[in-house]
Amino acid sequence: MYLFRLLRFLAPYKGHVALATLCIGGASGFGLASPQLVRWAVDFGLGVRVLDGRLVVSPSTRVLVVAALAVVGAALARGLFAFGQQYLSEWTSQRVAYDLRNRLYDQFQRLSFSFHDRSETGQLMSRATQDVEAARLFIQFGVLRLGYLAGVVVAAAALMFWSNWHLALVALSVSPLVFWRSASLSVRLRPLWLRVQNRMGELTSLLQESLAGFRVVKVFGREDYELQRFGREAQALFDDAYTAGRIQAYNSPLISFLWMLSQGLVLLYGGWLAIEGRLTVGELTAFLFYLTLIQMPLRALGWIVGVYSRALSAAQRIFEVLDAQPEVKEKPGALALRDVRGHVRFEDVHFSYDSLSPVLRGISFEALPGQVVALVGPAGSGKTTIVNLIPRFYDVTSGRVTIDGVDVRDVTLKSLRRVVGVVQQDLFLFSATIRDNIAYGAPWATQEDIERAARIARIHDFIVSLPEGYDTWVGERGITLSGGQKQRVAIARTLLRDPRILVLDDSTSSVDAETERLIWEALVDLMRGRTTFVIAHRLRTLKLADKVLVLQDGRIVEQGRHEELLRRDGLYRQIYELELRDQEEALPVARGPQPTAGGA
């Protein structure tokens, strides 16, 4: 089934497939003509025949010259058609691979957060590279090339039966053994190739992980441990690939032996028929040529079976991704959010990642336009989950989240995420210029717009101090920038989109005091007039907030302003005493301008 679905990708290239089929017919036809031309040259050019048990020769130079020219002409024509077939097969298979990779990449982008939470990056990379290449080989050799080989075998066998069906039966007597061996080979190879491709994905995941975390490896001196981990995976991949290769290697000599046996039988029986005068020497020669023509495709059958087995495993892995449905879907006729004020409500929201372990239980609160809402609580209390429900990275299990009274499930994802800006804890910058990274969410922005956002984010002065300014290239994941610089670039990137609702995920932690001051000033400007949700670990954030939500075990156990919550002597007070009191003295006496409810 998977291979038939793979063949559908040939539909846009029907014209090229038709031309390739025409070339296959031409190459096969001229290839099959050669043995007949040789038979004609032997029988009539050399005039070789058996008479009374003796070999008689009566040559004709003219016939030999014509036959030789005809053989050369047939070879040239066959070569031209073979070139066309090879070129068109390669072009078509590469186009199918191109389409497959684009479809997979598009699917990776469309699938929900939950799919990527469950998937390993290396496995997805392996499907878009190794598996697509296996599918390409199937299209080129398992479909188009096989068409040529099958055409040669069928036509040669038909001509052999037309010439002498007794000798044809002898010549093809080993065919059942060849086909049986190929079928059993396919059954044994398919699970092996599936395991090989899965192990390739695991190895890619391990490689990606170790390269991304190489600084941790260096810091803890775990190079030998990582080498052993990689070695174990590489050895497991080698073992399975070697087993598959060994099975194929055993098959090729066996098939060669069977066809040599067939040639021996043809020489024995065909020679006797020629001596008896029931077969000409030219016909026997043509038989041996046809047998050679058949032998090459059938010797390749074992390799093609391997291509089929690998392609079947690859197609299964590819369509597992293409068939996956995003858990977050737009409703038919979804509305576009317009003129958003930023009034956010959670109404009895329950949520679970796996339908077994509830993460949020009965969450209800509202944030008025322009208010700052801080979320605080122990690790695993549900803070990040709450803010992830606002841009609909996940769907609630029950209850609803509304923006200006409209359920977020009733609006288009594009319009929803256009009005919700997110500055995540795990900051990610692309391998591009600083300008490109700031303008990533707003490619239409002008240089003036980019610089204005950078100034508000307190990063402009640093950028222009660089030799190449905004054209400075940022390394992979922003590796050439410090943590604080990356955070301010991320703030500028979000600011440029001018969202009405803002989500800040712990974006002022793990930096020095001066950098925190710059980030804080940038955040104050960023939050002004916007409904803002902050996962807070800084006292100044909590004092700024119009409302603090205190979470524990997926529930809101307290809510109110900072001063109110301190007086209640509950969980918030405990968190304050354990984690926040030391920050009290560090707060500057003079604070910058602070946003208030309504954006005033």
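Residues numbered from 1 in each chain as written. Predicted model: local features only at pLDDT ≥ 70, side-chain atom pairs only at ≥ 80, totals over all residues. Heavy atoms only, no water.

Asker: Would you explain the nonpolar core in this entry?
Answerer: The nonpolar side chains of a soluble globular protein tend to be buried, and buried together. Within the largest apolar cluster, 50 residues are counted, with the highest numbers of intra-cluster contacts made by Ile438 and Val548. The element contributing the most residues to this core is helix 18 (residues 513–527), with seven residues. Ignoring any residue separated from it by four or fewer positions in sequence, one finds Ile438 in contact with Ile450, Ala454, Ile463, Tyr470, Val489, Ala492, Arg493 and Leu496. (Core = buried A, V, L, I, M, F, W, Y, C linked by side-chain atoms within 4.5 Å. Buried < 20%, exposed > 50% of the residue type's maximum accessible area, 1.4 Å probe, protein only. Helix = DSSP H or I, 4+ residues; strand = E, 2+ residues; numbered from the N terminus. Contact = heavy atoms within 4.5 Å.)

Asker: Even after reading the chapter, I still don't get the side chain of Lys547, so can you show me in this structure?
Answerer: Among the structural elements, Lys547 can be located in strand 11 (residues 547–552). Of the side chains with opposite charge, Glu366 comes closest to the buried, unpaired Lys547, at an N-O distance of 5.8 Å. Filtering out sequence-adjacent residues up to four positions away, Lys547 remains in contact with Glu366, Val372, Val373, Ala374, Gln559 and Gly560. (Lys, Arg positive; Asp, Glu negative; His and termini not counted. Salt bridge = Lys/Arg side-chain N within 4 Å of Asp/Glu carboxyl O.)

Asker: Looking at this model, I keep getting lost on the pairing of strand 10 (residues 531–535). Mind explaining?
Answerer: Residues in a regular strand point their side chains to alternate faces of the sheet. Judged by how many residues are buried, strand 10 sits mostly within the fold: five of five residues are covered. By the alternation rule, side chains of strand 10 split into Thr531, Phe533 and Ile535 and Thr532 and Val534, which are all buried. Pairing analysis gives five bridges linking strand 9 (residues 501–505) to strand 10, with the strands arranged parallel. Of the residues in strand 10, the one forming a bridge with Val503 is Phe533. (Pairing = 2+ DSSP bridges.)

Asker: Please clarify how the pattern of salt bridges should be interpreted in this entry.
Answerer: Side-chain pairs of opposite charge can arise whenever the charged atoms involved come near each other. Following the criterion strictly, the structure yields 23 salt bridges and no others. As a salt-bridge pair, Glu347 and Arg345 come within 3.2 Å of each other at their nearest N and O atoms. The exposure class of Glu347 is partly exposed, given its relative accessible area of 24%. Across the pair Arg530 and Asp498 runs a salt bridge whose closest N-O atoms are separated by 2.8 Å. On the criterion of sequence distance, the pair formed by Arg530 in the loop between helix 18 and strand 10 and Asp498 in the loop between helix 17 (483–496) and strand 9 is long-range, its members being 32 residues apart. A relative accessible area of 8% means that Arg530 is categorised as buried. Residue Asp498 is classed as partly exposed on the basis of its relative accessible area of 49%.

Asker: In this structure, what is going on with the side chain of Asn388? I would like to understand it.
Answerer: Mapping Asn388 onto the fold places it in helix 12 (residues 383–389). Given a relative accessible area of 15%, Asn388 falls into the buried group. When residues no more than four places from it in sequence are discounted, the contact partners of Asn388 are Phe393 and Tyr394.

Asker: Is there a simple way to think about the sheet that holds strand 11 in this case?
Answerer: Paired through their backbone hydrogen bonds, the strands of a sheet run either parallel or antiparallel. A sheet is described by the order of its strands in space; here six strands give the open sequence 8-9-10-5-11-12, paired in mixed fashion. Looking at strand neighbours, the two that pair on one side only are strand 8 (420–423) and strand 12 (555–560), the edges of this open sheet. Neighbour-to-neighbour, the strand axes of this sheet turn through a mean angle of 20 degrees, independent of strand direction. Bridge analysis of strand 8 against strand 9 gives four bridges, and the strand direction is parallel. Paired with Gly421 across the two strands is Leu502, which belongs to strand 9. Relative to the sheet, helix 17 contacts strand 8 and strand 9, its axis offset from that of strand 8 by approximately 175 degrees. (Axes fitted to C-alpha atoms, helices over the stretch in contact; angles between N-to-C directions.)

Asker: Could you clarify how one ought to interpret a positive patch on the surface in this entry?
Answerer: There is a patch of like positive charges on the surface, built from Arg338, Lys414, Arg418 and Arg497. Along the chain, the position of Arg418 falls in helix 13 (residues 413–419). (Patch = residues over 30% accessible without salt bridge, like charges linked within 9 Å, V, L, I, M, F, W, Y side chains within 5 Å. Areas by Shrake-Rupley, 256 points an atom, 1.4 Å probe, with all protein chains shown as cover. Charge placed at Lys NZ, Arg CZ, Asp CG, Glu CD.)

Asker: So what exactly am I meant to see when it comes to a nonpolar patch on the surface here?
Answerer: A cluster of nonpolar residues, Leu254, Phe257, Leu261 and Leu265, forms a patch on the protein surface that exposes about 330 Å² of accessible area. Assessed through its relative accessible area of 38%, Leu261 is described here as partly exposed.

Asker: Would you explain the packing of aromatic side chains in this entry?
Answerer: Geometry of an aromatic ring pair is reported as the spacing of the ring centres plus the angle between the planes. Overall, the coordinates contain 13 aromatic pairs when judged by the stated rule. Consider the rings of Tyr13 and Trp91, whose centres lie 5.7 Å apart with planes at 90 degrees: the pair is edge-to-face. Of this pair, Tyr13 sits in the loop between helix 1 (2–7) and helix 2 (14–45) while Trp91 is found in helix 3 (residues 61–110), placing the two residues 78 residues apart along the sequence. On the accessibility criterion, Trp91 (30% relative accessible area) is partly exposed. Centre to centre, the rings of Phe83 and Tyr87 are 6.2 Å apart; their planes meet at 20 degrees, and the pair counts as stacked. Note that Phe83 and Tyr87 are positioned in helix 3 at a spacing of four residues, about one turn of the helix. Here the aromatic residues Tyr2, Phe9 and Phe319 are joined through ring pairs into a cluster of three or more. Against the face of Phe319 rests Arg5, its NZ or CZ located 4.1 Å from the ring centre. (Phe/Tyr/Trp six-rings, centres within 6.5 Å; stacked < 30°, edge-to-face > 60°. Lys NZ or Arg CZ within 6 Å of the ring centre and 35° of its normal.)

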